[in-house]
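# Close look at the chain arrangement
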Amino acid sequence: FSVNLPSGLNCYRNENCNENYTTDFIYQLYSEEGKGVFDCRKNVLGHMQQGGAPSPFDRNFGTKISAKAMQWISKKLKETYRKDSRMFGKVFANTDDSVCLLGMRRRNLVFQPVAELKSETDFVHRIPKEQWWLKLRPLMKILAKYKTSYDVSDSGQLEHVAMLPKEAETGA
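Residues numbered from 1 in each chain as written. Predicted model: local features only at pLDDT ≥ 70, side-chain atom pairs only at ≥ 80, totals over all residues. Heavy atoms only, no water.

## Side note on unusual backbone geometry
Not every positive phi belongs to a glycine, and R107 is a case in point at roughly 65 degrees. Checked against the element boundaries, R107 lands in the loop between β1 (100-105) and β2 (108-113). Under the relative-accessibility criterion, R107 is labelled exposed at 78%. The backbone of R126 sits at a positive phi, close to 60 degrees, despite the residue not being glycine. What makes R126 exposed here is its relative accessible area of 74%. (Helix = DSSP H or I, 4+ residues; strand = E, 2+ residues; numbered from the N terminus. Buried < 20%, exposed > 50% of the residue type's maximum accessible area, 1.4 Å probe, protein only.)

If you want it as structure tokens, here you go:
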């Protein structure tokens, strides 16, 4: 392996691509060959998500989201690739939109820069500040035949999370 490796190399594989070159084999190979040059980690998404066997919807959605991600990566590489003689062959991805998360928002796949997520995330509780689905709680209670008053003026706050007063957040 060359010592001049770019950072952030990824190796992707399908679980059925080859019976000999398993995820464990590739991980062990890269770990052994990369000692002192780079580190190696493996992540099997199915194990991480604990979702069981994927449904046809899951497979279809996975295909769509991965295709969209690859199109975005290709577009960003074309935008940031340097062709001038001094920087030939280098990629400069140093703008806020060069690090994004791909997610679903209102039935659309949307890229959102990680820098924008700071204002939308409650890092103490590791949840979004806006819990859009909490507005559906009265309807969910009705559908679950839950005995409750059907007051639709629910504030949309999580019951188990104690929100800090404004003075405590600012340290005043």
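## With respect to the side chain of D122
With respect to the element layout, D122 can be found in strand β3 (residues 121-122). Among buried Asp, Glu, Lys and Arg side chains, D122 stands out as unpaired, with K129 the closest opposite charge at 7.2 Å. With near-sequence residues (within four places) excluded, D122 lies in contact with I127, P128 and K129. (Lys, Arg positive; Asp, Glu negative; His and termini not counted. Salt bridge = Lys/Arg side-chain N within 4 Å of Asp/Glu carboxyl O. Contact = heavy atoms within 4.5 Å.)

## Quick word on the packing of aromatic side chains
Within a pair of aromatic rings, the relevant descriptors are the distance that separates the centres and the angle that separates the planes. Counted according to the given criterion, the structure contains three aromatic pairs. Seen in terms of ring centroids, Y21 and F25 are 5.4 Å apart; in terms of plane orientation they differ by 65 degrees. Their pairing is edge-to-face. Y21 gets classed as partly exposed once you look at its relative accessible area, which sits at 46%. Summarising the aromatic geometry, the rings of W72 and F111 are spaced 5.1 Å apart at their centres and angled 20 degrees between planes, so their arrangement reads as stacked. Of this pair, W72 sits in helix α3 (residues 56-80) while F111 sits in strand β2, and the two are 39 residues apart along the sequence. (Phe/Tyr/Trp six-rings, centres within 6.5 Å; stacked < 30°, edge-to-face > 60°.)

## Regarding the pairing of β2
Sheet topology note: the β1/β2 ladder contains six bridges and is antiparallel. Paired with R105 across the strands is N108, a residue of β2. (Pairing = 2+ DSSP bridges.)

## Considerations on the pattern of salt bridges
Applying the stated rule across the entire model yields seven salt bridges. Where E79 meets K75, a salt bridge forms, and the shortest distance between an N and an O atom there is 4.0 Å. Of this pair, E79 and K75 both sit in helix α3, four residues apart, which is roughly one turn of the helix. Overall, the relative accessible area of 48% leaves E79 in the partly exposed class. Linked through salt bridges whose partners overlap, the residues forming this network are K75, K76, E79 and D97.

## Quick notes on the side chain of K76
Structurally, K76 can be placed in helix α3. There is a polar contact of 3.2 Å between the side chain of K76 and the side chain of E79. (Polar contact = N/O pair within 3.5 Å; in protein donor to acceptor, adjacent residues only side chain to side chain.)

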